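As a plain string of letters, each chain reads:
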Amino acid sequence: MYRRANMVSEKGKRRIYSSKYALSSIVYCSKCGDIYRRIAWNNRGKKYTVWRCCTRVTHGPDACHARTIKEEDLQEAVVEAINQLISESSELKEIIKENIEKAITGDGSRQIEEIDKEMLEVQEELLKVANAKKDYTELADRVEELRNEKENILLEMAEEKNEQSRLKELEEFLESQQLEIDSYDEELVRKLIDEIVVYDEKLKVVFKSGIEIDINK
Ligand SMILES: [Zn+2]
């Protein structure tokens with residue numbers, strides 16, 4: 001778990017949604033990868049809510065035989081996972097701090113400076129060569145190369161920053177949360193959880209910070 005504290009979620013894609021249920025579109029099927037959908041069941045006058053794999057709902061058990069999970073169990077698993085996170089928080093905070101520091105000491109901006117400097121030199125050289133009506137293809141290629149390099153570094157820096165702010169958010173939550181939570185909370189789910197994967201015997205809760213906790217449910 002700690003080893004994964006600095007990892008980004010495996011599923012790069014994230015669906016943008018505005019649902020009244022925080023769990024909508026973050027619960028995935030481990031068998032077919034589809035999302036789980038909330039369904040209200042009415043069985044002989046007895047009403048309850050379950051979550052089911054969309055593939056299974058649409059195409060039947062031959063297409064996917066993932067299990068149905070009661071909303072109650074899903075919410076309990078979320079509460080348990082968050083509480084595990086809170087109970088481990090002092091060790092976790094150390095790890096988070098280390099990760100944030102690591103990200104801060106990255107040398108992206110120094111690399112950018114060097115690239116800018118070389119870019120300027122190459123462009124000046126290119127102008128001279130071009131004015132002398134000589135072949136400047138190589139210099140033009142180098143400019144293009146430098147431009148790509150710079151773009152990649154900027155992208156990396158943006159990702160790092162993004163990860164950093166997610167870790168910061170988790171750190172703040174752990175700081176503010178002294179006691180364990182005793183009930184399911186939609187807002188906390190939106191704030192902390194990236195995705196939940198449903199397996200036959202467990203639920204894998206993946207936090208936005210990259211931490212994963214398995215709950216047997
Ligand atoms: Zn499925």
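Residues numbered from 1 in each chain as written. Predicted model: local features only at pLDDT ≥ 70, side-chain atom pairs only at ≥ 80, totals over all residues. Heavy atoms only, no water.

**What to know about the overall build of the protein chain**
At step 1: Counting its regular elements, the protein chain contains six helices and seven strands.
At step 2: Buried residues in the protein chain amount to 37% of all 217 residues.
At step 3: Taking the intrachain contacts of the protein chain between residues at least 6 apart in sequence as the baseline, contacts between residues at least 24 apart amount to 58%.
At step 4: As presented, the protein chain carries roughly 13,700 Å² of accessible surface, and 47% of it is formed by carbon and sulfur atoms. (Helix = DSSP H or I, 4+ residues; strand = E, 2+ residues; numbered from the N terminus. Buried < 20%, exposed > 50% of the residue type's maximum accessible area, 1.4 Å probe, protein only. Contact = heavy atoms within 4.5 Å. Areas by Shrake-Rupley, 256 points an atom, 1.4 Å probe, with all protein chains shown as cover.)

**So, the nonpolar core**
At step 1: One finds L23, Y36, I82, I193, I196 and F207 to be the most contacted residues of the largest nonpolar core, which totals 39 residues.
At step 2: Of all the elements, helix 2 (residues 71–87) adds the most residues to this core, at eight residues.
At step 3: With residues up to four places along the chain from it excluded, the contact list for Y36 reads V27, Y28, C29, W51, R52, C53, A66, R67, I69 and V198.
At step 4: Among the nonpolar cores identified, the runner-up in size contains eight residues, and I112, V122, L126 and V143 belong to it. (Core = buried A, V, L, I, M, F, W, Y, C linked by side-chain atoms within 4.5 Å.)

**Remarks on the packing of helix 2 against helix 5 (residues 137–176)**
At step 1: Closest axis-to-axis distance for the helix 2/helix 5 pair is 10 Å, and the angle between their directions is 80°. Between helix 2 and helix 5, the crossing angle belongs to the class labelled roughly perpendicular. Here helix 2 contributes I82, L85 and I86 to the contact with helix 5, which in turn contributes L170, F173 and L174.
At step 2: Each residue belonging to the contact of helix 2 with helix 5 can be placed in one class, and the counts come to six nonpolar, no polar and no charged. (Axes fitted to C-alpha atoms, helices over the stretch in contact; angles between N-to-C directions. Parallel < 35°, antiparallel > 145°, perpendicular 65-115°, else oblique. Nonpolar A, V, L, I, M, F, W, Y, C, P; charged D, E, K, R; others polar.)

**Remarks on the coordination of the zinc ion**
Six octahedral donors around a metal ideally sit at 90 or 180 degrees from one another, while four tetrahedral donors ideally sit at 109.5 degrees.
At step 1: The coordination sphere of the zinc ion, as far as protein atoms go, consists of C29 (SG), C32 (SG), C53 (SG) and C64 (SG), spread over 2.3 Å.
At step 2: Read N to C, the donor residues that coordinate the zinc ion are spaced as C-x2-C-x20-C-x10-C. Within this pair, whereas C29 is found in strand 1 (residues 27–29), its partner C53 is found in strand 3 (residues 46–53), the two being separated by 24 residues in sequence. (Donors = N, O, S within 2.8 Å, 3.2 Å for Na, K, Ca; no water.)

**Thoughts on the confidence of the model for the protein chain**
At step 1: Considering every residue of the protein chain, the mean pLDDT works out to 84; 88% of them sit at 70 or more.
At step 2: When mean pLDDT is taken per element in the protein chain, strand 1 scores highest with 97 and helix 3 (residues 89–104) scores lowest with 70.
At step 3: Within the model, pLDDT remains below 50 along residues 1–17, and this stretch shows 40 contacts once partners closer than five positions in the same chain are excluded. (pLDDT = per-residue confidence, 0-100.)

**With respect to the sheet that holds strand 5 (residues 193–198)**
At step 1: In space, the four strands of this open sheet follow the order 1-5-6-7, with mixed pairing throughout. Sheet topology places strand 1 and strand 7 (212–215) at the edges, where each strand pairs with a single neighbour. Sheet twist, expressed as the mean angle between neighbouring strand axes with direction ignored, is 25°.
At step 2: In the packing of helix 2 onto the sheet, contacts are made with strand 1, strand 5, strand 6 (203–207) and strand 7, and the angle to strand 7 comes to roughly 130°. (Pairing = 2+ DSSP bridges.)

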